[in-house]
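# Topology and contacts: notes
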Number of protein chains: 2
Amino acid sequence: MDQVARFVLDNANAFEDKLCELLRIASVSADSKYHGEVRRAADWVADLFRSMGLATETIPTIGQPLVYAESPPVPGKPVVLVYGHYDVQPPDPLAEWTSPPFEPTKRNGNIYARGATDDKGQMITHLLSTMSWLKTVGQLPIQIKFLIEGEEECGSEGIYDYLTKPGVKEKLAADVVVISDTSQFGPGRPAITYGLRGIAYYELKLQGPKQDLHSGTFGGGVTNPAKALAFMMNALTDESGRVQVPGFYDDVLPVTERERDELAKLPFSEAAFAKQLGVAALSGEEGYTTLERRWCRPSFDINGLTSGYQGEGAKTVLPAKASAKFSFRLVPNQDPTKITPALEAFLKSKCPAGIQMELVDMHGAPGCVTSLESPFVAAAAKAIEHGFGTPPVFIREGGSIPIVTRFAQLLGADTLLLGWGLDDDNTHSPNEKFCLADFHRGILASSHLWNELASL
Amino acid sequence: MDQVARFVLDNANAFEDKLCELLRIASVSADSKYHGEVRRAADWVADLFRSMGLATETIPTIGQPLVYAESPPVPGKPVVLVYGHYDVQPPDPLAEWTSPPFEPTKRNGNIYARGATDDKGQMITHLLSTMSWLKTVGQLPIQIKFLIEGEEECGSEGIYDYLTKPGVKEKLAADVVVISDTSQFGPGRPAITYGLRGIAYYELKLQGPKQDLHSGTFGGGVTNPAKALAFMMNALTDESGRVQVPGFYDDVLPVTERERDELAKLPFSEAAFAKQLGVAALSGEEGYTTLERRWCRPSFDINGLTSGYQGEGAKTVLPAKASAKFSFRLVPNQDPTKITPALEAFLKSKCPAGIQMELVDMHGAPGCVTSLESPFVAAAAKAIEHGFGTPPVFIREGGSIPIVTRFAQLLGADTLLLGWGLDDDNTHSPNEKFCLADFHRGILASSHLWNELASL
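Below: a short report on this structure. (Residues numbered from 1 in each chain as written. Chains lettered and ligands numbered in written order. Predicted model: local features only at pLDDT ≥ 70, side-chain atom pairs only at ≥ 80, totals over all residues. Heavy atoms only, no water.)

## Some remarks on the interface of chain B and chain A
In this complex, chain B contributes 73 residues to the contact, which on the side of chain A involves 73 residues. Summing both sides of the interface, chain B and chain A together bury roughly 5300 Å²; the carbon and sulfur share of this comes to 53%. Run the count over chain B and chain A and you get 0 salt bridges. Considering every element that reaches the side of chain B that touches chain A, the biggest residue donor is strand β11 (residues 299-308) of chain B, with 10 residues. Broken down by class, the residue content of the side of chain B that touches chain A amounts to 27 nonpolar, 32 polar and 14 charged. Two strands pair when backbone bridges link them, and strand β11 (residues 299-308) of chain A and β11(B) are joined in this way by 5 bridges, in the antiparallel orientation. Its bridge partner lying in β11(B), A:Gly304 is registered against B:Gly308. (Contact = heavy atoms within 4.5 Å. Buried area = accessible area lost by both parts, 1.4 Å probe. Salt bridge = Lys/Arg side-chain N within 4 Å of Asp/Glu carboxyl O. Helix = DSSP H or I, 4+ residues; strand = E, 2+ residues; numbered from the N terminus. Nonpolar A, V, L, I, M, F, W, Y, C, P; charged D, E, K, R; others polar. Pairing = 2+ DSSP bridges.)

So, in structure tokens, the structure goes:
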């Protein structure tokens, strides 16, 4: 391992040059006029794999090609699947870039370019760590499979379709999935994101009278669908925010003491967070901290409300219709397909006389979590400590990353989200950047990760 | 009185001719290209008053002129103020009229023209009854003051401004205001509308975080203003629809036993009403019938809801803002200016932590009611029985007619809303009509009304 680490340190300039080569390719997947560049980026990644001697394929899809590469099996050792993407967001608005988006430029210890952190700069750390092993030791201590896609910024249609094909599950079979496409908790605080929430998103449509009525002539005698909507939306939670749908919490994986301890250790100020959001006070489920509420507990939010007159001034209308878009964030092991019928029955039981309701199930995805007790988490933590000189913090994310859930479902593997970026990296904005020190720490951490996983 | 009644019967054709003269004038107040015709209608009405020998004035206003006329005082007898309007709604869409809107045409016992029932045909019944008295008896048994405006269909700015002028209150002083601009309860069922509801209309604006947030990353940890809105709107009433604002019902004038009896006698089918509205069931305040709920009891309605994402599909947004337009219908003696501060205090007490609220008071007007025990109501009922051959039913209206409330406030007089029209008269629509038999019955009833009021 020492010679691998030395190689990483000695080749810092060469690695930065490699990164710059990739960043110069304007692989904007959302805009067809860049699609030649998208293909060129796929070829560049495939060439890098081939230059390391890995078995490499460019897999056509219904969209942009996938680049797949794998090292030889190592019996008795874990198999890792590394996922990343070689496409980038559009660079607009161009005028706001200090240096051109596809001319990578080093300033203040950062490299500035579209894709610097999302995801070329992070993804390539795992390729360069692998190269470091192969150039020194000559082989990897575990089997690594790489699957790098080119449509992450525009819907990932190609990879989703590919994952449904026969034989793919077996081809990609792995014990752990490694993805570096997230952020550290803060500068100098590398993080392992070990859980994501799922989602169940609905629209409730209520119909009262067959047409809008005059609220003077009819008000008080007929059920107002906007009032019914307020009643039904309000019925979904109690005042502390606890969801009232029967069985909703039955499958919730509780937060462990270890997790609560780890979360409590994070330098997170509720007062500073409230100030950042511009609110006088935070709120949420009784008995949980703000981070627990956002990351580890299910939640209910109304995403949109529509009814009656929304223009200027007053209109004395008793609306015929009212509707709400709303969603639950789910935690492991909640199943959106179990929640929908319970929700529908609950809402029907609350639907006032004189109102017809329709519940539209818009989309659902389960959450996923890797146990903090997982040996893979322990291995990643050790690797990060080697790479960054400080142990990682353990965080979760309140949103969903659909491809992670998809891999978890398909492969049954744990997932390690190892973010080398920072929250202020301007992903999806002008002047995207990546801290070069973190780039090198990421390569070193990744080199150690292969070693730590082999030691399990 | 017999000779007056005979005159009314003998002059049916002449009265219809008079009506047709007025209906031929295209006095559309909302459209400036018709404003010459609006002035011509004012002149026509003034000329009719002058032809009867009444003291007549055309009063300029900030808008269209008012036509005022009065007969001499009759000491010891009530003074009546008759209000009506000589302007009409626009006739569009013209193509849907069977006969042209300003060429009055008789078909099926009706006269078809814009303004036939709203309000030229109804208003003129009181002028023609007065003419009948003057042409036969030579004088009226009471003093009648007429105030006929020309902007009822476009906001009545002129008359509202006029009513604030010094001396106007004294000039218009009357014991009872008579208005025929409403409908019978049904064909052959003349009605006295003896009460109107008032209104208090608000907008509640809630602000949560200073900008829209990602509902995954933040959901569960910060108060969602759309949820707060559902909670606060729901808190305004209990499940039976009873308003929860402290003191809201304190000043409510209860429905009397006499009123309940009269309302119960009306041929009103809740099942047919529900079917007409297209709802499976009606709802409302416990202990009251649908007509009582709509006419005699205060009500609460949400008139509009706005928050977050309202387009197609799903957006995982935790909205920064949510707002509702809502209103209470008030009954006599509720005072909107007392309700606003109680409402604001109530909503503040319900406003969740992390939400800033703003309550906008959009407009308010009290309701008004004339006691069924009023001698003027009894006199009108007798007059209607003479004119229509059947006693009237006693109804109220759930909406507000602002000018009625204004007269009640200014003059402290009872109001008699004597509707000769029918609900299917197509007011504000193509093919507006007025039943000619009801036109003649209205003139006869009006003639008797002056006599009955004199007998009090």
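## Let's talk about helix α10 (residues 270-277) of chain B
Buried residues of α10(B): B:Phe273, B:Ala274 and B:Leu277, and no others. With its buried residues spanning 100° around the axis, α10(B) presents them on a single face. Exposed and oriented more than 90 degrees from the buried face of α10(B) are B:Ala271 and B:Lys275. The inward-facing, buried residues of α10(B) contact β10 (213-214) and α7 (215-218) of chain A together with α11 (290-295) of chain B. Once α10(B) ends, the next one or two residues include B:Gly278, with phi positive near 80°. (Buried < 20%, exposed > 50% of the residue type's maximum accessible area, 1.4 Å probe, protein only. Arc of directions from axis to C-beta.)

## Re empty space enclosed by the protein
All names here are of chain B. Counted according to the given criterion, the structure contains 4 cavities of 30 Å³ or more. In this model, the largest cavity occupies a volume close to 40 Å³. Along its surface, the largest cavity is lined by Thr-193, Tyr-194, Gly-195, Leu-196, Cys-368, Val-369, Thr-370, Val-404, Thr-415 and Leu-417. Listing elements by their share of the lining of the largest cavity, those giving two or more residues are β8 (191-196), β15 (368-369) and β17 (414-419). (1 Å grid on protein atoms, 1.4 Å probe; cavity = no way out; pocket = protein on both sides within 12 Å on 5 of 7 lines; lining within 4 Å. Points joined across faces, edges and corners; volume = space filled by probe spheres on them.)

## Looking at the packing of helix α13 (residues 375-388) of chain A against helix α15 (residues 436-454) of chain A
Residue and element names in this part refer to chain A. Packing of α13 against α15 brings their axes to within 7 Å, and their N-to-C directions diverge by 140°. Taken together, the axis directions place α13 and α15 in an arrangement best described as oblique. Handedness of the crossing formed by α13 with α15: right-handed. When α13 is examined against α15, the residues Phe-376, Ala-379, Ala-380, Lys-382, Ala-383, Ile-384, His-386, Gly-387 and Phe-388 are found in contact with a partner set consisting of Asp-438, Arg-441, Gly-442, Leu-444, Ala-445, His-448, Leu-449, Glu-452 and Leu-453. Among the residues making up the contact of α13 with α15, the classes are represented as 10 nonpolar, 4 polar and 4 charged. (Axes fitted to C-alpha atoms, helices over the stretch in contact; angles between N-to-C directions. Parallel < 35°, antiparallel > 145°, perpendicular 65-115°, else oblique. Left-handed = near helix turned anticlockwise from the far one by under 90°.)

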